[in-house]
Amino acid sequence: MSARAEQKLRTRRALMDAALAQLSADRGFGSLSLREVAREAGIAPTSFYRHFSELDELGLALVDEGGVALRQLMRQARKRIARNGSAISTSVDTFMEYLGNNSNLFRLMLRESTGVSKPFRTAIKAEIDHFVTELAADLARIADEENRPLSDSKLVADAMVTLVFNQGAEALDATPLEKEALKDKLKTELRMILVGSRTIARHKR
């Protein structure tokens, strides 16, 4: 890669980081301006257009990055589960670590999933659907390995992801003590979903 291409990638990254850095519990992506993002990244506003056609394109690039981060989270959880054995406890701990490292990225996906921008909603839904599908496949595989069938692995995965995202929203601005309580609560709720699905599956036999 040429020095010029590397510089372009670094500037693009700086713009994405600048946008993320300005997000908070009180400020969503829709309130950002191109000028302030460019200023935060240390470039002239006119130079922004060398990297993105508009601010929303930058936002969609961040959504894509959020999807990649979720898939990395899934892979990391799989590796830890293989070592530790406790699927729910390990997955929740891994997710909370993800929140700590990607709080504003998660905040963006959470808020814009119900925002006014249809492209944002569509892109985020696609990423979450992909995450649900991967989780459903993992749940079905584990159920077969343990000979404990689930009633509907896709429905279970969907319920789990909805619950995890809702609790994740609470955890974003929680104190360390509150986060520990949320983790314990989430682990219990996820186990309840699994037990309920297994019970329904047994009754269907």
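The name that an unreviewed UniProt entry assigns to the protein chain is DNA-binding transcriptional repressor FabR, with the source organism given as Marinobacter algicola DG893.

Engineer: Explanation requested: the overall build of the protein chain in the structure shown.
Structural biologist: Of regular secondary structure, the protein chain possesses eight helices and zero strands. Put simply, the protein chain has 205 residues, and 42% of those count as buried. Relative to all contacts within the protein chain whose residues are 6 or more apart in sequence, the contacts with residues 24 or more apart total 64%. For the protein chain, the exposed surface amounts to about 11,400 Å²; the carbon and sulfur share of it is 53%. Distance from the positive charge centre (32 side chains) to the negative charge centre (28 side chains) of the protein chain: 3 Å.

Engineer: What's the story with helix α7 (residues 153-171) in this structure? I'm lost.
Structural biologist: Given 3.6 residues per helical turn, the α-helix brings residues three or four places apart onto the same face. Between the first and last C-alpha of α7 there are 26 Å, a value that for 19 residues agrees with the 27 Å anticipated at 1.5 Å per step. By the burial criterion, the buried members of α7 are V156, A157, M160, V161, L163, V164, F165, Q167, G168 and A171. At the N-terminal end of α7, a side-chain oxygen is found 3.2 Å from the backbone nitrogen of K154, two or three residues along, and the residue is D152.

Engineer: Just checking my understanding: could you explain the UniProt feature "DNA-binding region" (unreviewed entry) in the protein chain for this structure?
Structural biologist: In this numbering, the UniProt entry assigns the feature "DNA-binding region" (unreviewed entry) to residues 33-52. For the annotated span residues 33-52, helix accounts for 40% and strand for 0% of the residues, and the straight-line distance between the end C-alpha atoms is 13 Å.

Engineer: Got a minute to help me understand helix α2 (residues 34-41) in this structure?
Structural biologist: All of the buried residues in α2 are L34, E36, V37, A38 and A41. Positive backbone phi, at 80°, marks G42, one or two positions downstream of α2.

About the thresholds
- Residues numbered from 1 in each chain as written.
- Predicted model: local features only at pLDDT ≥ 70, side-chain atom pairs only at ≥ 80, totals over all residues.
- Heavy atoms only, no water.
- Helix = DSSP H or I, 4+ residues; strand = E, 2+ residues; numbered from the N terminus.
- Buried < 20%, exposed > 50% of the residue type's maximum accessible area, 1.4 Å probe, protein only.
- Contact = heavy atoms within 4.5 Å.
- Areas by Shrake-Rupley, 256 points an atom, 1.4 Å probe, with all protein chains shown as cover.
- Lys, Arg positive; Asp, Glu negative; His and termini not counted.
- Charge placed at Lys NZ, Arg CZ, Asp CG, Glu CD.
- Expected span 1.5 Å × (residues − 1).
- Polar contact = N/O pair within 3.5 Å; in protein donor to acceptor, adjacent residues only side chain to side chain.
- UniProt positions renumbered as here; feature names shortened; annotations may be inferred.

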